[in-house]
Amino acid sequence: MSLKNPDAVASIVAALRRVYGDEIARLMLVEGMTLADLIDAMFSASPSHRDAVRDITDGLDDFVVSPDLGLMWHLKYIYGDEPGSLHVVDMEIATPNGTLASKDVWLRLSS
């Protein structure tokens with residue numbers, strides 16, 4: 001398998017393994033997980049919050065996303081409550097047909 005962003009995927013795999021262990025991480029990559037589960041794992045295991053956000057964003061190109069988003073979609077960042085905060089706490093995907101919350105987006109690693 002040829003990955004578009006191998007470093008980001010490696011970071012995602014490492015975070016899933018640290019949080020869930022090898023077996024569950026493997027199952028999540030093959031069978032799928034919600035974007036919310038990925039975000040939670042990355043934010044709890046990553047050395048830097050900013051790196052976690054970047055790796056999730058870059059790594060999405062290597063995942064099959066359900067429901068099918070079509071050609072036009074945009075990743076929206078949800079920031080913390082603090083005024084002027086650039087601290088991402090969640091992500092949504094905006095499409096021409098509406099916005100999907102992170103718990104409604106299913107990801108599995110492309111085979």
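Because the structure is a prediction, the values reported are computed rather than measured.

Asks: Could you give an account of the packing of helix α1 (residues 6-20) against helix α4 (residues 49-59), with specific residues and numbers?
Replies: Any two packed helices are characterised by how steeply their axes cross, that is the angle between the axes, and by the distance between the axes. Relative to each other, α1 and α4 sit at 120 degrees, their axes nearing to 8 Å. Crossing of α1 over α4 shows left-handed handedness. Contacts from A8, S11 and I12 of α1 reach α4 at D55, I56, D58 and G59. Residues that form the contact of α1 with α4 fall into these classes: 3 nonpolar, 2 polar and 2 charged.

Asks: Which residues make up the side chain of D62, and what values go with them?
Replies: Checked against the element boundaries, D62 lands in the loop between α4 and β2 (63-66). An unpaired buried charge is present at D62: no salt bridge exists, and K4, the closest side chain of opposite charge, is 6.0 Å distant. Of the polar contacts made by the side chain of D62, one reaches the backbone nitrogen of K4; its length is 2.6 Å. For D62, the contacting residues outside a window of four places in its chain are L3, K4, N5, V9, L109 and S110.

Asks: Quick rundown of the environment of D37? Include the residues and the values.
Replies: Examined against the element boundaries, D37 turns out to sit in helix α3 (residues 35-45). Here the alpha-carbon distance between D37 and L16, two residues 21 residues apart in the chain, equals 9.3 Å. Beyond its immediate chain neighbours, meaning those up to four positions away, D37 contacts Y20 and M28.

Asks: Explain α4 to me, using residue names and the numbers behind them.
Replies: The periodicity of an α-helix, 3.6 residues per turn, causes residues three or four places apart in sequence to face the same way. Those residues of α4 lying buried are A52, V53, D55, I56 and G59. The arc that holds every buried residue of α4, seen down its axis, measures 165 degrees, which confines them to one face. As for α4, its buried residues are in contact with α1, α3, β2, β3 (74-79) and β4 (88-95). Measuring from the backbone nitrogen of R50 back to the side-chain oxygen at the start of α4 gives 3.3 Å, which picks out S48 as the cap.

Each value, and the rule that gives it
Residues numbered from 1 in each chain as written. Predicted model: local features only at pLDDT ≥ 70, side-chain atom pairs only at ≥ 80, totals over all residues. Heavy atoms only, no water. Axes fitted to C-alpha atoms, helices over the stretch in contact; angles between N-to-C directions. Helix = DSSP H or I, 4+ residues; strand = E, 2+ residues; numbered from the N terminus. Left-handed = near helix turned anticlockwise from the far one by under 90°. Contact = heavy atoms within 4.5 Å. Nonpolar A, V, L, I, M, F, W, Y, C, P; charged D, E, K, R; others polar. Buried < 20%, exposed > 50% of the residue type's maximum accessible area, 1.4 Å probe, protein only. Lys, Arg positive; Asp, Glu negative; His and termini not counted. Salt bridge = Lys/Arg side-chain N within 4 Å of Asp/Glu carboxyl O. Polar contact = N/O pair within 3.5 Å; in protein donor to acceptor, adjacent residues only side chain to side chain. Arc of directions from axis to C-beta.

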